[in-house]
Amino acid sequence: MFVSDFRKEFYEVVQSQRVLLFVASDVDALCACKILQALFQCDHVQYTLVPVSGWQELETAFLEHKEQFHYFILINCGANVDLLDILQPDEDTIFFVCDTHRPVNVINVYNDTQEIVEQTMRRRQRREWEARSGSGSEPVAAALEKSSRLFPGPMSDRTAPRSPRRDILFDYEQYEYHGTSSAMVMFELAWMLSKDLNDMLWWAIVGLTDQWVQDKITQMKYVTDVGVLQRHVSRHNHRNEDEENTLSVDCTRISFEYDLRLVLYQHWSLHDSLCNTSYTAARFKLWSVHGQKRLQEFLADMGLPLKQVKQKFQAMDISLKENLREMIEESANKFGMKDMRVQTFSIHFGFKHKFLASDVVFATMSLMESPEKDGSGTDHFIQALDSLSRSNLDKLYHGLELAKKQLRATQQTIASCLCTNLVISQGPFLYCSLMEGTPDVMLFSRPASLSLLSKHLLKSFVCSTKNRRCKLLPLVMAAPLSVEHGTVTVVGIPPETDSSDRKNFFGRAFEKAAESTSSRMLHNHFDLSVIELKAEDRSKFLDALISLLS
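To start, this report covers the structure provided alongside it. Along each chain, numbering runs from 1 in the same order as the chain's sequence is written. Given that the model is predicted, a residue must reach a pLDDT of at least 70 before its local features are reported, and side-chain atom pairs must reach 80 or more before they are shown or counted; all residues, however, enter totals for whole chains, interfaces and linings. In computing side-chain properties, one takes all heavy atoms of the structure into account and sets aside hydrogens as well as water.

### Observations concerning the sheet that holds strand 9 (residues 341–349)
Then, in step 1: The pairing criterion is simple: DSSP has to find at least two bridges between the two strands. Helix and strand labels come from DSSP, where a helix needs a run of H or I of at least four residues and a strand needs a run of E of at least two; each type is numbered from the N terminus. Strand order in the open sheet formed by 3 strands is 8-9-10, with antiparallel pairing between adjacent strands. The sheet terminates laterally at strand 8 (252–260) and strand 10 (353–356), the two strands that pair on one side only. For this sheet, the mean angle separating the axes of adjacent strands, direction not counted, is 25 degrees.
Then, in step 2: Relative to strand 9, strand 8 runs antiparallel, the two sharing 9 bridges. Note that in strand 9 the partner of Glu257 across the bridge is Thr344.
Then, in step 3: Residue contacts follow a heavy-atom distance rule, with two residues in contact if any of their heavy atoms lie within 4.5 Å. Axis definition: a line fitted to C-alpha atoms, over the contacting stretch in the case of helices. Angles run 0 to 180 degrees between N-to-C directions. Taken strand by strand, helix 17 (residues 324–334) contacts strand 8, strand 9 and strand 10, and its axis lies near 25 degrees from that of strand 8.

Right, dumping it as structure tokens:
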């Protein structure tokens, strides 16, 4: 069921209980977790935190802890599958789910024996569902039909006529997409409780920015949510210019910015940032000699000396930095880059440390998916979680250095794929496979890193190809996961178009293709469009996918 009163039906219920937090391994989930932790500390709520990177870890952790807890909170995991079927909980177990993944599984919504609760933002979705399916009188019966569709029997069973209700279910669950940031939802709870702090507001901003960086939401949704947060920023960071309200040396200050769409440029050189930002690299076509010349022409048009551009941004002449944003935007317009500036937020810790929200997203993501073998996945999760606190700026700066390596590797891999024609058209979609032995290939074995590489590669390919049809195709990308087990990670990305609604149909398509060919596939990731596949089954899996989507 959906909650109608977030405060009474969720927070006041868990406030007097001992709860277990399951938190997915993504930046938005980390930010939501930080906000909830701060609230729990205010009210002395006992909790245990368990990071989970996939369904297998979630099942294992639940089995391990289910005897000790009756209340479970799931952040960015659990909404889009039947939790009761997967976890088999006891009768008195209660789940609270705050998840951006859509669509919400209808069994979770309508089940009355287990109280599975979703965020208040999605009540509209329930009304829409009931309107489309006639009335709300037979919701559970309709929902139960879903299990036979998700795990269908022999092919002959699927040729039977489908009921209108089953068609509605098919349409409802056909595409995967993302809703409101979980960090924003948790911040709304803090605001309702009158316990919202500047730190919590910053975490909500970082959670929203993570969705935008990873192309999980549309530009319109991003701008709308930025407007909501901007009002909170004005409320929390209002200062009168008098002696009583002067800032202390270690004060935290958040401000709205209309800043450059360049990654980490304030912690890097301007040249490196231009070369490793997906937006500029794709439009300049920096993998080609002609693209490198266009970059030089762009810098010349701005009148910036190469010596200044190639040194750290902090060391550039102050006279050049004063009007830098306007200079870059003006020259970018001449070179066809109309969206060089974007609405965002920045945070100041005292007078020395300043970060854009996107800087923190890249740093935290790099810490969480670090290829360093000196710690487990849980260690990397805790390190990423700690980096969001202002008392751990050393970890955040370490994350920025890891992010620079990741961004360089991403652009080098994109250049390699495009120059060697590794992106090929398979008919209904584009396909690219990274081979074992490719430089930095292990950086892309993790789902978030591979998804981000795929999205950036598709943007660059669309800018480079002259084939109009290929510009409208989605991309399937594979990268080695484990040589020892002979597995690859496969991710599906929707088409790169201006009107794209960010809805992804590959989750269901992968499931059908694997089933029809008996391919050994593992749907372990919370994003259904990311799967693990046996390398030797890849060719028959792709053949089935082509015939399915043709």
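Alright, that's what it looks like, and here's the rest.
### A short note on the nonpolar core
Then, in step 1: Put simply, buried Ala, Val, Leu, Ile, Met, Phe, Trp, Tyr and Cys residues joined by side-chain atoms within 4.5 Å make one nonpolar core. Remark: exposure states derive from per-residue accessible area (1.4 Å probe, protein chains only) relative to the maximum for the residue type, with buried under 20%, exposed over 50%, and partly exposed in between. Phe10, Phe22 and Trp202 are the most contacted members of the largest nonpolar core, which has 97 residues in total.
Then, in step 2: When residues of this core are assigned to their parent elements, the largest contribution, 11 residues, is made by helix 2 (residues 27–42).
Then, in step 3: Non-local contacts of Phe22, meaning those with residues more than four positions away in its chain, are made with Val50, Val52, Leu58, Ala61, Phe62, Phe72, Ile73, Leu74, Ile75 and Cys77.

### Remarks on helix 2
Then, in step 1: Multiply 1.5 Å by the residue count of a helix minus one, and that product is the helix's expected span. With 16 residues, helix 2 extends 23 Å from end C-alpha to end C-alpha; this agrees with the ideal 22 Å at 1.5 Å per step.
Then, in step 2: Taking burial as the measure, the 16 residues of helix 2 include 14 buried ones, the bulk of the element.
Then, in step 3: Between the side-chain oxygen of the N-cap and the backbone nitrogen of Asp28 there are 3.1 Å, and the N-cap of helix 2 in question is Asp26.
Then, in step 4: The positive-phi residue at the C-terminal boundary of helix 2 is His44, with phi of around 55 degrees. Pairs of N or O atoms within 3.5 Å make up the polar contacts considered here, provided that, within protein, one atom can donate a hydrogen while the other can accept it, and that residues adjacent in sequence are counted only when both atoms are side-chain atoms.

### Considering empty space enclosed by the protein
Then, in step 1: Cavity: a set of points on a 1 Å grid over the protein atoms alone where a 1.4 Å probe fits but cannot get out. Pocket: an open set with protein on both sides within 12 Å along at least five of seven lines, its lining residues, like those of a cavity, having an atom within 4 Å of a point. Grid points are joined across faces, edges and corners, and a volume is the space filled by probe spheres set on the points. This structure, assessed with the given rule, holds 6 cavities of 30 Å³ or more.
Then, in step 2: If you add up the space inside the largest cavity, you get close to 100 Å³.
Then, in step 3: Together, Phe362, Met365, Ser366, Glu369, Gln406, Leu407, Thr410, Ser449 and Leu452 line the largest cavity.
Then, in step 4: Residues are grouped as follows: nonpolar covers Ala, Val, Leu, Ile, Met, Phe, Trp, Tyr, Cys and Pro; charged covers Asp, Glu, Lys and Arg; every other residue, Gly included, is treated as polar. Considering only residue class, the lining of the largest cavity consists of 4 nonpolar, 4 polar and 1 charged.

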